Amino acid sequence: MYTDKMLRDDALKGKNIVVTGGGSGLGKAMSHYFLELGAKVAITSRNLEKLRQSSHQLEQETGRRCLPVQCDIRHYDQVESMLQQVLETFGKVDILLNNAAGNFISPTEKLSTNAFDTIIDIVLKGSKNCTLAFGKHWIEQGQTNTVVLNIVTTYAWTGSAYVVPSATAKAGVLAMTRSLAVEWAKYGIRFNAIAPGPFPTKGAWDRLLPGELKERFDLAKKVPLKRVGEHQELANLAAYLVSDFAAYLNGEVVTIDGGEWLKGAGQFNILERISPEMWDMLEEMIRRNSEK
Ligand code: COA
């Protein structure tokens, strides 16, 4: 069953992981699975109260150690002190999951310059801040077998109307993933990314499909597999990519979207609406035309 847990017990034992934006949504779901697999996890966000509640819940549910650390990833000094706090508590850190993001839908001409900057700052600058702080630390310490996993989106390469700051920033994160996969391989740091399709969470859905938009645009219908993703499916992929089983995977972006973006891309994909009877008629017409 696709919602089953994929990796064997203790697959992440001995690994210390930082998940930015780990207090809610997909970050929390991935953190939950990492803990179940034996990792220690630090979750970060701006809201310490929410983080404390989430880490308490995660510890109760998994019986493992989950550390809440307040950090606005837009500020490099806060990222450095977050890293120090994780090191003081866990002794070392092995994996960074750049998951925290910011997004909302808007016609681009309605955005203030600060609105555009806010998304770029959270998504691109935030991922850069964490990557740079953790990378410098690992390189200075000579610590190898470390991993950065970035959450991007399929519109990082297709682009997308109405979420232009997010698309612009995620494209930058993807470029950073591929660039550093090569540059920092010599330091034993692996870089990969996941491009998730629709995995409903309250935070994202309230921002991206507010009110009646949820009913008007059923995202499951856009997916060839006719469903949205289950959080465990994403957690399975993330756990594999950060684990030692993926030691030879470097610089890759793995799309997990049920075929959603390709459906929008293929020139003749619209022909899906044609019925079997209609296909019979069309075949006859095409054959007749080619006889002429
Ligand atoms: N449409 C247009 N502009 C908007 C907006 C919207 N829906 N929401 C916020 N803005 C603008 C604000 O007006 C402000 O610009 P201004 O100073 O010119 O008025 C700017 O964006 C920053 O907003 P602010 O609320 O001060 O920023 P914040 O740092 O508190 O919040 C957000 C950042 C806006 C991204 C907020 O939605 C957030 O915290 N999101 C985190 C979670 C998230 O988005 N996850 C991703 C789910 S897909």
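Please refer to the structure higher up on the page.
Quick look at the overall build of the chain now. Within the chain one finds eleven helices and seven strands. What you see for the chain is a C-alpha radius of gyration of 21 Å, in line with the 19 Å of a compact globule of 292 residues. Here the analysis covers contacts within the chain between residues at least 6 apart in sequence; of these, 75% occur between residues at least 24 apart. By element, 53% of the accessible surface of the chain is carried by carbon and sulfur atoms, the whole surface being about 15100 Å².

Below, the discussion takes up the sheet that holds strand β5 (residues 146–151). What the seven strands build is an open sheet, ordered β3-β2-β1-β4-β5-β6-β7; its pairing is parallel. Among the strands making up the open sheet, the edge pair consists of β3 (66–70) and β7 (253–256). Geometrically, the sheet is characterised by an average inter-axis angle of 20 degrees between neighbouring strands, direction not taken into account. Bridge count for strand β1 (residues 16–20) against strand β2 (residues 40–45) is five bridges, and the pairing is parallel.

The next thing to look at is the packing of aromatic side chains. Taken as a whole and assessed by the stated rule, the structure comprises three aromatic pairs. An angle of 80 degrees between the planes, with centres 5.6 Å apart, marks the rings of Trp157 and Trp261 as edge-to-face. With Trp157 in helix α5 (residues 155–158) and Trp261 in helix α10 (residues 260–265), the pair connects residues that are 104 residues apart, well separated along the chain. Centroid distance Trp184 to Phe191: 6.0 Å. Interplanar angle 50 degrees. Geometry classified as tilted. Residue classification places Trp184 among the buried residues on the basis of a relative accessible area of 10%. Arg227 extends its terminal NZ or CZ atom over the ring of Tyr2, reaching a point 3.7 Å from the ring centre.

Mapped onto the secondary structure, His137 falls in helix α4 (residues 113–141). Take His137: its relative accessible area is 12%, and that puts it in the buried class.

Conventions used here
- Residues numbered from 1 in each chain as written.
- Predicted model: local features only at pLDDT ≥ 70, side-chain atom pairs only at ≥ 80, totals over all residues.
- Heavy atoms only, no water.
- Helix = DSSP H or I, 4+ residues; strand = E, 2+ residues; numbered from the N terminus.
- Rg over C-alpha atoms; globule rule 2.2 N^0.38 Å.
- Contact = heavy atoms within 4.5 Å.
- Areas by Shrake-Rupley, 256 points an atom, 1.4 Å probe, with all protein chains shown as cover.
- Pairing = 2+ DSSP bridges.
- Axes fitted to C-alpha atoms, helices over the stretch in contact; angles between N-to-C directions.
- Phe/Tyr/Trp six-rings, centres within 6.5 Å; stacked < 30°, edge-to-face > 60°.
- Buried < 20%, exposed > 50% of the residue type's maximum accessible area, 1.4 Å probe, protein only.
- Lys NZ or Arg CZ within 6 Å of the ring centre and 35° of its normal.

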